[in-house]
Amino acid sequence: YAISASSPEEAAEKLQLLKDAGVDITEVHVFDHGAAGYQELGDEGLDDSEAWREIGEAVDEDGFICLYGCSVADDDEDTPGFNDGEDYIRRLADS
């Protein structure tokens, strides 16, 4: 299945609808803009919010989420607020 979403909340809602319909969600791939320590989903950035947790909960226990955006896991000391990609990925994984 492929879905399009303009926000993390919309993505979480659509994934939950699929899950409620009996679809096993083993993978989620997010393709959008990114920067060091930052990934967009639609018009918003992904963070360790409730919507992110709901996206994670929709994925099967052994499933995974892949983020595709420029430099998401990189470190960039020259860009305030977007500079620790490794910490960003760790925070998302922990939430």
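Because the structure is a prediction, the values reported are computed rather than measured. (Residues numbered from 1 in each chain as written. Predicted model: local features only at pLDDT ≥ 70, side-chain atom pairs only at ≥ 80, totals over all residues. Heavy atoms only, no water.)

K.L.:
Quick rundown of the overall build of the chain? Include the residues and the values.
P.N.:
On a plain count of helices and strands, the chain comes out with 3 helices and 5 strands. Taken from N to C terminus, the helices and strands of the chain fall in the order α-β-β-β-β-α-β-α. Across its three principal axes, the chain shows a C-alpha extent of roughly 45 × 25 × 20 Å. Each of the 95 residues in the chain was classed as buried or not, and the buried ones make up 26%. Sequence-distant contacts in the chain: of pairs separated by 6 or more residues, those separated by 24 or more amount to 62%. (Helix = DSSP H or I, 4+ residues; strand = E, 2+ residues; numbered from the N terminus. Buried < 20%, exposed > 50% of the residue type's maximum accessible area, 1.4 Å probe, protein only. Contact = heavy atoms within 4.5 Å.)

K.L.:
Any chance you could break down the environment of D20 for me, citing the residues and the numbers?
P.N.:
Topologically, D20 is positioned in helix α1 (residues 8-20). By relative accessible area, which is 59% here, D20 ends up exposed. When the C-alpha positions of D20 and F64 are compared, they lie 19 Å apart, and in sequence the two are 44 residues distant. Looking at D20, its side chain comes within polar contact range of the side chain of Q16, at 2.7 Å. (Polar contact = N/O pair within 3.5 Å; in protein donor to acceptor, adjacent residues only side chain to side chain.)

K.L.:
Give me the lowdown on the sheet that holds strand β4 (residues 44-45), citing residues and values where you can.
P.N.:
If you trace the 3 strands from one edge of the open sheet to the other, you get β2-β3-β4, paired in antiparallel fashion. The open sheet has two free edges, formed respectively by β2 (34-35) and β4, since each of these has just one partner strand. (Pairing = 2+ DSSP bridges.)

K.L.:
Any chance you could break down unusual backbone geometry for me, citing the residues and the numbers?
P.N.:
Most of the time, phi is negative for any residue but glycine, and the peptide bond is trans. Although it is not a glycine, S71 sits at a positive phi angle of roughly 65°. Counting through the fold element by element, S71 comes out in the loop between β5 (64-68) and α3 (85-94).

K.L.:
For the side chain of Q39, give the residues involved together with the corresponding values.
P.N.:
With respect to the secondary-structure elements, Q39 resides in strand β3 (residues 38-41). A polar side-chain atom of Q39 sits 3.5 Å from the main-chain carbonyl oxygen of H33.

K.L.:
So, the environment of E10: which residues are in play, and what are the values?
P.N.:
Topologically, E10 is positioned in helix α1. When its relative accessible area of 24% is taken as the criterion, E10 is described as partly exposed. Separated by 75 residues in the primary sequence, E10 and G85 place their C-alpha atoms 25 Å from one another. Not counting the four nearest positions on each side in its chain, E10 is found in contact with S4 and A5.

K.L.:
Which residues make up the pattern of salt bridges, and what values go with them?
P.N.:
Using the criterion set out here, one finds 5 salt bridges in the structure. Among the salt bridges present, the one from E10 reaches K14, with a minimum N-O distance of 3.2 Å. Pair noted here: E10 and K14 are both in helix α1, with a separation of 4 residues, about one helical turn. Among the ionic pairs, D87 bridges to R91, the shortest N-O distance being 3.1 Å. (Salt bridge = Lys/Arg side-chain N within 4 Å of Asp/Glu carboxyl O.)

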